[in-house]
Amino acid sequence: MGTSLTPEFWGQFAVLLVLAASLAGILTAAFDSLAVRLLRRRSPKAPEAPHRPIRKDHRASVHC
């Protein structure tokens, strides 16, 4: 015994299909932006110049 698919079924099916596709697109965009944000946060920064300690006993030369 088979059932026939009524126009009401196809209308509801179309609405649910559009909602599911929209939700998938929105979630994909949200997770992509989150992933990009995390990658930017973890990216290596430019190395800083090596720290050279300042000697206090050194005086600037006055001879030119």
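Please read all numbers here as calculations on a predicted model, not as lab measurements.

Focus on the overall build of the protein
For the protein, the count of helices and strands is one helix and zero strands. Per-residue burial for the protein yields a buried fraction of 0% across its 64 residues. Carbon and sulfur atoms make up 65% of the accessible area of the protein, which amounts to about 7100 Å² in all.

Topic: the packing of aromatic side chains
Taken as a whole, this structure holds three aromatic pairs when the rule is applied. With a centroid separation of 5.2 Å and 75 degrees between ring planes, the pair formed by Phe9 and Trp10 is classed as edge-to-face. In this structure Phe9 comes out as partly exposed when scored by relative accessible area, which is 35%. By relative accessible area, Trp10 is classed as partly exposed at 45%. Residues Phe9 and Phe13 carry aromatic rings whose centres are separated by 6.1 Å and whose planes lie at 20 degrees to one another, so their mutual orientation is stacked. Taken together, the residues Phe9 and Phe13, both in helix 1 (residues 7-42) and four residues apart, mark about one turn of the helix. Connected via pairs of aromatic rings, a cluster forms that spans Phe9, Trp10 and Phe13.

Scoring rules and cut-offs
- Residues numbered from 1 in each chain as written.
- Predicted model: local features only at pLDDT ≥ 70, side-chain atom pairs only at ≥ 80, totals over all residues.
- Heavy atoms only, no water.
- Helix = DSSP H or I, 4+ residues; strand = E, 2+ residues; numbered from the N terminus.
- Buried < 20%, exposed > 50% of the residue type's maximum accessible area, 1.4 Å probe, protein only.
- Areas by Shrake-Rupley, 256 points an atom, 1.4 Å probe, with all protein chains shown as cover.
- Phe/Tyr/Trp six-rings, centres within 6.5 Å; stacked < 30°, edge-to-face > 60°.

Just distances and angles here, no functional claims.
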